[in-house]
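Architecture and fold: a report
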Amino acid sequence: MASSKFIFVTGGVTSSLGKGIIAASLGKLLHARGFTVAIQKFDPYINIDPGTLNPYEHGECYVTDDGAETDLDLGHYERFLNTPTSQANNVTTGRIYYNVITKERKGEYLGKTVQVIPHITDEIKKSMLLLGESGKNDFVITEIGGCVGDIESLPFIEAVRQLKYDLGPNNSMVIHLTLLPYLAAAKEIKTKPTQHSVKQLLEAGIQPDILACRSEKHLPMEIRKKLALFCNVQLNSVIEAIDAETIYDVPLLMRKEKLDERVLTKLKVPHKQEPTLDLWKKFLGKLKNPTKEITIGLVGKYVELPDAYKSIVESFIHAGAENECKVNIKWISSEDITAGNIKLKLSDLDGVLVAPGFGERGIEGKIEAVRHVRENKIPFFGICLGMQCAVVEFARNVLHLKDAASTEMNPDTKHPIIDLMEDQKKITDKGGTMRLGAYTCKISKGTKAFQVYGKQQIEERHRHRYEFNNNYLERIEKAGMIASGVNPTSNLVEIIEIKDHPWFVATQYHPELKSTVINPHPLFVKFVKAALENKK
Ligand code: GLN
């Protein structure tokens, strides 16, 4: 294909309808037909990126190889397509304004009044087209965050309107994801909210090409006809998006509704081949027919909102399927854990994961959880703050450095076993200043980590400020906790493990960010195996 085709996905009626999953599923289907696809998300909030947002506000902050802190939908894009994303795949209103204001200060608009139209919309359009520029992507799918009609998403919608014109016929299209509520009392699926949200799009100058209709019931023909009639879409472009048992069913459900065919026809692209979805179906087969079951305790402080740990949950789904094992997650709030109730809190678990996190709240509960699983030889997996807790626990209870702590929690500790590196100490800004993105790690042979990866050099993604303090390394290793992976240039410790324990492995990096359906992360796969063995 000569140049990229652009597909925009907007949302109506409510948020949380799963635009990200629809975008990722369409991407998957096109990819499975042999096309190259990029998916990007435009978020209407003013933060430059979600890095400074509380997980309760926005769920997990997903990190890409190039160190961008991004929306969690990028995680879905990577997990579905098995291709990495980057900073270019997630743009916020904040970043757009920042770019425009920076240009204004440099005098790039000298003499002009800088305005939403054309300056902000031009900047949005430039960003929207970016992933099409290399000529590498046959399709660029753009998800617009929020709902049509929101004041804050207006400039994005306006940019889409302009782009539809700029790009010319058959080069772009709009898929509108909307909700069809079912009224149990009337036993009816209602179309009015969708009619209204399409009207709102029309007011903004956009006629959607396809309606994806989220519904808890199948769409009867008369409802499809009504929507087609009132919303000016072809009957076969009213696509049912029924509630799914798992998000991984959605590509197949979309295939059944012929979403990919509709897109190709509308954009006048030859259909190439039928989608090859064998591996995907094999994964689904294993996911839905587990032969075993385990329960993992996830100890964290944002457990009321599972989206805060999205990638971890998905990694367990991938690793579970790989092991043909159903992985139940028991959410355990670290704030509720005490030395007195730990046994009860962690009873009946086959393994425990201590989650990433920031700040002091709940930290002692996490450390107590590590002590329990270390002493009772329960399989343990620590991620980022989870690794830091494992090191602090070991220092306190095995090295008997009672005061040992991370300086994030106790800046005055006598034993700063987790500490800021010199270059971090000078930094005062909070946005985009952590150790972010992919770094190389060298793994020692003969370790559990080597057993997991089967190679010595790996790359994993980071998002943290504090590090293992190498002044304590010798003492720690002598006592039985080893650094099995280190950064070859900075010597920073990336993986720790305890030899004399069935499975006690923790990483400073975030393996969950690289697990995909086709490539489940080996650390999760092995941890599930270890938990299965423990269960026996
Ligand atoms: N708060 C810790 C740090 O900044 C850990 C971060 C995390 O778990 N992502 O180093």
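Here the structure is a predicted model, which is why all the values come from computation and not from measurement.

With 14 residues, helix H6 (residues 154–167) extends 20 Å between its outermost C-alpha atoms, agreeing within 8% with the 20 Å of an ideal straight helix rising 1.5 Å per residue. Three or more residues of H6 are buried, namely Pro-155, Phe-156, Ile-157, Glu-158, Ala-159, Val-160, Gln-162, Leu-163 and Leu-167. Backbone geometry just downstream of H6 places Gly-168 in the positive-phi region, at approximately 85 degrees.

Next up on the list: the pairing of strand E22 (residues 493–498). A large share of E22 lies buried, amounting to 6 of its 6 residues. Bridge count between strand E21 (residues 481–486) and E22: 5 bridges; the pairing is antiparallel. In the sheet register, Ala-483 faces E22, and the bridge partner there is Ile-496. The antiparallel pairing of E21 with E22 creates a hairpin that spans 6 residues between the two strands, and Asn-491 there sits at a positive phi of about 65 degrees. Sheet topology note: the E22/strand E23 (residues 504–507) ladder contains 3 bridges and is antiparallel.

Now for the packing of aromatic side chains. One pass over the full model with this rule turns up 15 aromatic pairs. Where Phe-80 meets Tyr-248, the ring centres are 5.5 Å apart and the plane angle is 25 degrees; that geometry is what we call stacked. Here the residue Phe-80 occupies a position in helix H3 (residues 73–81), and Tyr-248 occupies one in the loop between strand E11 (238–242) and helix H9 (250–256), the gap between them amounting to 168 residues. With 5.0 Å between their ring centres and 65 degrees between their planes, Phe-381 and Phe-524 make a pair best called edge-to-face. Residue Phe-381 is found in strand E15 (residues 380–383), and its partner Phe-524 is found in helix H19 (residues 522–535); the two are separated by 143 residues along the sequence. According to the relative accessible area criterion, Phe-524 is buried, its value standing at 0%. Site record: aromatic cluster; members linked through ring pairs are Tyr-56, Tyr-302, Tyr-309 and Trp-331. Positioned above the aromatic ring of Tyr-182 is the side chain of Lys-217, whose terminal nitrogen or guanidinium carbon lies 4.7 Å from the ring centre.

A few words on the site of the ligand. The immediate surroundings of the ligand are formed by Pro-356, Gly-357, Phe-358, Cys-384, Leu-385, Gln-388, Glu-408, Arg-463, His-464, Arg-465, Tyr-466 and His-510. Separating a nitrogen atom of the ligand from a side-chain N or O atom of Glu-408 is a distance of 2.7 Å. At 2.9 Å from a nitrogen atom of the ligand is found a main-chain nitrogen or oxygen belonging to Arg-463. Here the ligand, which alone exposes 300 Å², has 99% of that area covered by the protein. At the level of elements, helix H15 (385–397) and strand E19 (457–464) are the ones that each hand at least two residues to the shell around the ligand. Broken down by class, the residue content of the shell around the ligand amounts to 5 nonpolar, 4 polar and 3 charged.

Below, the discussion takes up unusual backbone geometry. For the bond from Ile-117 to Pro-118, the omega torsion is 15 degrees, close enough to zero to count as cis. In this fold, Pro-118 is placed in helix H5 (residues 116–133). One non-glycine residue with positive phi stands out, namely Glu-324, at about 50 degrees. Residue position: Glu-324 is located in the loop between helix H12 (310–322) and strand E13 (325–333).

Rules used throughout
- Residues numbered from 1 in each chain as written.
- Predicted model: local features only at pLDDT ≥ 70, side-chain atom pairs only at ≥ 80, totals over all residues.
- Heavy atoms only, no water.
- Helix = DSSP H or I, 4+ residues; strand = E, 2+ residues; numbered from the N terminus.
- Expected span 1.5 Å × (residues − 1).
- Buried < 20%, exposed > 50% of the residue type's maximum accessible area, 1.4 Å probe, protein only.
- Pairing = 2+ DSSP bridges.
- Phe/Tyr/Trp six-rings, centres within 6.5 Å; stacked < 30°, edge-to-face > 60°.
- Lys NZ or Arg CZ within 6 Å of the ring centre and 35° of its normal.
- Near = heavy atom within 4 Å.
- Polar contact = N/O pair within 3.5 Å; in protein donor to acceptor, adjacent residues only side chain to side chain.
- Areas by Shrake-Rupley, 256 points an atom, 1.4 Å probe, with all protein chains shown as cover.
- Nonpolar A, V, L, I, M, F, W, Y, C, P; charged D, E, K, R; others polar.

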